Amino acid sequence: MGHLSNLNTKHYDVIVVGAGVIGAALAYELAQQGVKVALLEKSTPAAGASGAAGGMLAAHSEHFMNAELHHLALYSQSLYSKLATDLLEQTGIDIGLRTEGFLLPLTEKDSKLLHEERLYEDQSQENSNDQSSNTQYQNAQHQLDHQDFFRDNDILSNIETIDHTNTNTNTNTNTNTNTNTNTNTKKWWSPSYLAQVEPQLYAPSGMIYNPDEPQLIPALLNQALVQAAIQYGVDFYPETEVLRLLYQQNTSQIKGVVSNKGNLSAEQVVLTTGISTQQLLAKEQYTLPFIPIKGELIEVSTPSKWLGHTIYGEGIYIIPKSDHRLWIGATSKPNRIDTNVEISAIAQLLSQAEQYLPAIGSATFVRCWSGIRPGTPDELPYLGRIEPITGLWTASGHYRNGILLAAGTAKYMAQALITNHTAHIPDCFAPARALQKCSDLAIRKGVTTWN
Ligand SMILES: Cc1cc2nc3c(=O)[nH]c(=O)nc-3n(C[C@H](O)[C@H](O)[C@H](O)COP(=O)(O)OP(=O)(O)OC[C@H]3O[C@@H](n4cnc5c(N)ncnc54)[C@H](O)[C@@H]3O)c2cc1C
């Protein structure tokens, strides 16, 4: 951990401001590549959105409207298996990565179409009449084997085979984005099969099984990343709030930062301050728009294992964690920056969860919490330079997928900082698309501050 008494004598290659998952992952990545890094956090790791997240790495299940974001999500997801192993080895922290996969409810339209294809199912049952007690299971298995049939009938219109092998985001360096995550193997699980696999689950139309979606404990990921970064030589300064930037005299070249504990110097500063990035830039007289989106979650414990897979519904998810705990989330409240949990939110989440787990009312309440998702108007993160200020960068605005995107973001950003090139980062992520110089009046009128 960094020593606070003598900050103004310290010089770094890069100062990373904000130790949520994005800042911590970046500091860890940079340090592994030999960069001298200071990581500053006004509170503690996971104090922001990162500590409030559900921890789903839903690269295939999320409806990404932007192909580049989808690609980053797939790439990033592919890094987590090794990352979890590395972090465990280096820090002893198990980030709780679970790979059972997700179950997605069918939409009404899907169910109707599926019903129309019953004949196909019946035939499969006839064919297996001579088989004995495990017929049901075999029928389900038969359907799994024939998933392409359903795919061709648009029955599972949200099931797609993703092939990004020709997508060129890897230009000239060592960021390997050519992963094996391109093919997603979603399948339909019949009610009878589900009754065996998830007996507590109510799913009269069956569900879509997606084996390729892991999930983890975000706060543990965040803490492990900071610990691992420290082990690689990063100076970590908790309880250290960056107040403003320092410039070389009469230039727009960054010289460092002013914090509540003193000054630090570096030619490169990265704002990984989530929703607070807007506030910091406003002090430099720039506006970069964010949309805060509050989310609330609850945790319950169940007397035995009620769920093995994450249920990923429309507006509701239920994530099984260790010790028979279930995380149920999440509300979505735009332009809300308070972090209280409303009783109506708890009621809403429980009522939605009950549709899938009818027994949920008999589970034991453990805790509830909330966080603010760092949304942006186009729902794309800001990754890259804050152009007019030489040496200033940001990686923020990861909205509802920052845990998923952290590992990939760290690779993209580390490569950019080390090579001083951004060609590998798709233009659609460039902060320049939304950055504006603002007048003092605009700052006073339009910019909210979030602490
Ligand atoms: C309810 C909810 C559920 C979610 N579920 C998921 C999910 O299942 N999967 C997923 O991928 N994503 C999920 N997300 C989104 C994810 O949590 C965020 O996208 C991600 O955590 C953003 O990380 P960050 O590091 O940019 O921001 P933060 O975690 O907010 O970190 C920013 C850090 O900067 C610090 N900071 C701010 N200002 C300063 C300053 N001036 N000086 C020093 N430090 C400063 C803050 O204290 C904070 O620690 C969820 C979010 C919420 C709220």
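What counts, and where the lines are drawn
- Residues numbered from 1 in each chain as written.
- Predicted model: local features only at pLDDT ≥ 70, side-chain atom pairs only at ≥ 80, totals over all residues.
- Helix = DSSP H or I, 4+ residues; strand = E, 2+ residues; numbered from the N terminus.
- Contact = placed C-beta atoms within 7 Å.
- Buried ≥ 20, exposed ≤ 12 C-beta atoms within 10 Å, placed from the backbone.
- Pairing = 2+ DSSP bridges.
- Core = buried A, V, L, I, M, F, W, Y, C linked by C-beta atoms within 7 Å.
- Expected span 1.5 Å × (residues − 1).
- Near = placed C-beta within 6 Å.
- Nonpolar A, V, L, I, M, F, W, Y, C, P; charged D, E, K, R; others polar.
- Domains from an automatic or database assignment.

- Named according to an unreviewed UniProt entry, the protein is NAD(P)/FAD-dependent oxidoreductase originating from Paenibacillus nicotianae.

1. Considerations on the overall build of the protein
In step 1: Counting its secondary structure elements, the protein contains 13 helices and 19 strands.
In step 2: Across the protein, contacts joining residues at least 24 apart in sequence account for 75% of those joining residues at least 6 apart.

2. Digging into the environment of Met 65
In step 1: Counting through the fold element by element, Met 65 comes out in the loop between β2 (37-40) and α2 (67-78).
In step 2: Each C-alpha atom, one on Met 65 and one on Leu 380, is 9.7 Å from the other, the two residues being 315 residues apart in sequence.

3. Comments concerning the pairing of strand β1 (residues 11-17)
In step 1: Of all 7 residues in β1, 5 are buried, a share of seventy percent or more.
In step 2: Both β1 and strand β9 (residues 262-271) contribute to a ladder of 6 bridges, which runs parallel. Bridge assignment links His 11 to a residue of β9, and that residue is Ser 265.
In step 3: Pairing geometry for β1 and β2, over 4 bridges, is parallel. Bridged to Val 16 within β2 is Leu 39.

4. A word on the nonpolar core
In step 1: Ranked by size, the top nonpolar core spans 122 residues in total, and within it Ile 15, Leu 26, Ala 27, Val 37, Leu 39 and Ala 229 carry the most contacts.
In step 2: In terms of residue count, helix α12 (residues 402-419) provides more of this core than any other element does, 11 residues in total.

5. A word on the pairing of strand β18 (residues 392-396)
In step 1: In terms of residue burial, β18 counts as a mostly covered element, since 5 of its 5 residues are buried.
In step 2: Taking every second residue as pointing to the same face, both faces of β18 are buried, with Leu 392, Thr 394 and Ser 396 on one and Trp 393 and Ala 395 on the other.
In step 3: Here β9 runs beside β18; their pairing, made up of 3 bridges, is parallel. Residue pairing across strands places Val 270 opposite Trp 393, the latter belonging to β18.
In step 4: Here strand β17 (residues 382-385) pairs with β18 via 4 bridges, running antiparallel. Each residue of the ladder has a partner; that of Gly 384, found in β18, is Thr 394.
In step 5: Count of turn residues in the β17/β18 antiparallel hairpin: 6 residues, of which Gly 391 carries a positive phi of about 95 degrees.

6. Some remarks on α2
In step 1: Between its terminal C-alpha atoms α2 stretches 17 Å, which fits the 16 Å expected from 12 residues at 1.5 Å a residue.
In step 2: Of all 12 residues in α2, 9 are buried; the element is thus mostly enclosed.
In step 3: For α2, the set of buried residues is Leu 69, His 71, Leu 72, Ala 73, Leu 74, Tyr 75, Ser 76, Gln 77 and Ser 78.

7. Side note on the site of the ligand
In step 1: Residues in contact with the ligand amount to 43 residues; listed here are only the nearest, Gly 18, Gly 20, Gly 48, Gly 295 and Gly 402.
In step 2: Of all elements in the fold, only α1 (21-32), β11 (291-301), β16 (364-375) and α12 reach the threshold of two or more residues within the shell around the ligand.
In step 3: It is β16 that contributes the most residues to the shell around the ligand, 4 residues altogether.
In step 4: In terms of residue class, the shell around the ligand is made up of 19 nonpolar, 19 polar and 5 charged.
In step 5: Split by domain, the residues of the shell around the ligand number at least three in each of domain 1 (7-96 + 217-289 + 378-446) and domain 3 (292-375).

8. Digging into the environment of Glu 29
In step 1: Position of Glu 29 among the secondary structure elements: in helix α1.
In step 2: Separated by 386 residues in sequence, Glu 29 and Gln 415 have C-alpha atoms that sit 9.3 Å apart.
In step 3: Not counting residues within four places of it along the chain, the set of residues in contact with Glu 29 comprises Ala 410, Lys 411 and Ala 414.

9. Topic: unusual backbone geometry
Among all residues except glycine, the phi angle is most often negative; among peptide bonds, the trans geometry is most common.
In step 1: With an omega dihedral of -20 degrees, the bond running from Gly 329 to Ala 330 counts as a cis peptide bond.
In step 2: The phi angle at Glu 239 is positive, at roughly 55 degrees, despite the residue not being glycine.
In step 3: Tracing the chain through its elements places Glu 239 in the loop between β6 (235-237) and β7 (242-247).
In step 4: At His 324, a residue that is not glycine, the phi angle is positive and equals roughly 60 degrees.
In step 5: Examined against the element boundaries, His 324 turns out to sit in the loop between β13 (316-321) and β14 (325-329).
In step 6: Using a count of 16 C-beta atoms within 10 Å as the deciding quantity, one classes His 324 as partly exposed.

10. Looking at α1
In step 1: A rise of 1.5 Å per residue sets the reference length of α1, with its 12 residues, at 16 Å; its end C-alpha atoms lie 16 Å apart and thus fit the reference within 8%.
In step 2: α1 sits mainly inside the fold: 11 of its 12 residues count as buried.
In step 3: Val 21, Ile 22, Gly 23, Ala 24, Ala 25, Leu 26, Ala 27, Tyr 28, Glu 29, Leu 30 and Ala 31 are the residues of α1 that are buried.
In step 4: Here the buried face of α1 lies against β1, β2, α9 (218-231), β9, β18 and α12.
In step 5: Two residues or fewer past α1, Gly 34 is found with a positive phi of approximately 85 degrees.

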